[in-house]
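Structure at a glance
The residues making up each chain are set out below.
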Amino acid sequence: MKATSAPSRGEGRTRVGEGREVGILSVSMDLGAGRRGVDMGPSALRIAGVAQAIERLGYGVREIGTVHAPGQEEVEEGEAVARYLAHITEVCRQSHSLLRGALADGVFPLVLGGDHSLTMGTGAAVADHYRDRDQPIGLLWVDAHTDMNEPGISPSGNVHGMSLSVLTGRGLPSIAALASARPAIDPRHVAVLGARQIDPREREAVREAGIRVFTMSEVDERGLTSCVDEAIRRISDGTAGFHVSFDLDALDPMEAPGVGTPVPGGFTYREAHLICEKVASSGGLLGFELVELNPVLDAGNVTAQVGLRLIESALGKTIL
Ligand code: MG
Ligand code: MG
């Protein structure tokens, strides 16, 4: 294992640079999504060279492992209001356990997905690690969606649209129980950035939960810099730092076509980088996950390349 050293940054070191290795956990799962294919996201990022890119930044890399979900054709769907819930729960349980172990060893967690339901295990693991130290964490949720659906509210029954609801203690108590407390993350410490497609009953859930959502309309109105700065202030206030759950559908499909649920009107390549650069320079990053990369819908692995560049920015790569 290579010795770690932080890349130098003008604004100070990122939390990830405090002499820690970057541990990579791959979660190969598409059970939570409406379309097949995001289970191949981790492979596409490997092909794009994610481990080598992290080493070039000066970090050591530790392979935490890969959690493989069964294919949708191999297992029973279960109840239509939360499709494949039993199997998703098992994947999240394994992801939670592997990540807790890696965090205990002091590595910085980088999770490659996989559909967004995986965060019910990984986000909970980061929260639990710091809860053991009596420190709450914040959560930056970069996504075209708020993923605040619940069974009976969700029009599709796709569990990837329920993941933030579970992390914030509302939906699916059976899977929320993977975390050592409920909610895993206090809604006051959560900020959603880039939302532009929210189901009607999901809006009520967002309002009730008190989560701060920076919609794309607000970003357009106020400017991205102002919104990201406010989001980071909010999730850093009174917390140990924050986890970033980055759904690639936050980007515009013109720039990132290979995603599970494309929605027009997303962030440009440069805007997405600005978000990640601000995350790095804040010094508060505790974990990062990149989800919903769908190689089946991609064009020549371009979306994986974009994802890789975003990971580099979040880990502190700068132009100068
Ligand atoms: Mg999502
Ligand atoms: Mg999404």
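In short, a report on the structure. Each residue is numbered by its place in its chain's sequence as written, counting from 1. For this description, chains carry letters from A and ligands carry numbers from 1, given in the order in which they are written. Only residues with pLDDT of at least 70 are given local features in this predicted model, and only at 80 or more are side-chain atom pairs given and counted; all residues enter the totals for whole chains, interfaces and linings. In computing side-chain properties, one takes all heavy atoms of the structure into account and sets aside hydrogens as well as water.

Let's talk about the coordination of the magnesium ion (ligand 2)
Within the first shell, the magnesium ion (ligand 2) binds the protein through Asp 143 (OD), His 145 (ND1), Asp 247 (OD), Asp 249 (OD) and Asp 249 (OD), at distances of 2.0 to 2.7 Å. Coordinating donors are taken as N, O and S atoms within 2.8 Å of the metal, stretched to 3.2 Å for Na, K and Ca; because water is absent from the atoms, sites can appear incomplete. Spacing between the donor residues of the magnesium ion (ligand 2) along their common chain follows D-x1-H-x101-D-x1-D.

As for the coordination of the magnesium ion (ligand 1)
For the magnesium ion (ligand 1), the protein coordination sphere consists of His 116 (ND1), Asp 143 (OD), Asp 147 (OD) and Asp 247 (OD), at 2.1 to 2.2 Å. Read in sequence order, the donor residues for the magnesium ion (ligand 1) give the motif H-x26-D-x3-D-x99-D. A separation of 3.1 Å is found between the magnesium ion (ligand 1) and the magnesium ion (ligand 2), which share Asp 143 as a coordinating residue. Asp 147 carries the same exposure label as Asp 143, and that label is buried. Working definition: with a 1.4 Å probe on protein chains only, accessible area under 20% of the residue-type maximum means buried, over 50% means exposed, and in between means partly exposed.

Quick word on the side chain of Ser 165
With respect to the helices, strands and loops of the structure, Ser 165 is situated in helix α5 (residues 163-167). We classify Ser 165 as buried; its relative accessible area is 0%. In what follows, a contact means two residues having at least one pair of non-hydrogen atoms within 4.5 Å. Not counting chain neighbours up to four residues away, the residues in contact with Ser 165 comprise Asp 147, Met 148, Asn 149, Glu 150, Arg 170 and Gly 171. Secondary structure is summarised from DSSP: a helix means a run of H or I of at least four residues, a strand means a run of E of at least two, and numbering begins at the N terminus for each.

Here's the deal with the environment of Gly 113
The topology assignment puts Gly 113 in strand β3 (residues 108-113). With 70 residues separating them along the chain, Gly 113 and Ser 43 place their C-alpha atoms 9.3 Å apart. In this structure Gly 113 touches Val 27, Val 38, Gly 41, Pro 42, Leu 118, Leu 290, Val 291, Glu 292 and Leu 293, once residues within four positions along its chain are discounted.

Details of the pattern of salt bridges
We count a salt bridge whenever a side-chain nitrogen from Lys or Arg sits within 4 Å of a carboxyl oxygen from Asp or Glu. Under the counting rule described, the total for this entry stands at 19 salt bridges. Residue Arg 83 pairs with Glu 77 through a salt bridge whose shortest N-O separation is 3.4 Å. Take Arg 83: its relative accessible area is 13%, and that puts it in the buried class. With a relative accessible area of 30%, Glu 77 lands in the partly exposed category. Look at the salt bridges and you will find they share partners, linking Arg 212, Glu 218, Arg 222 and Glu 230 into a network.

These figures come from the coordinates and say nothing about function on their own.
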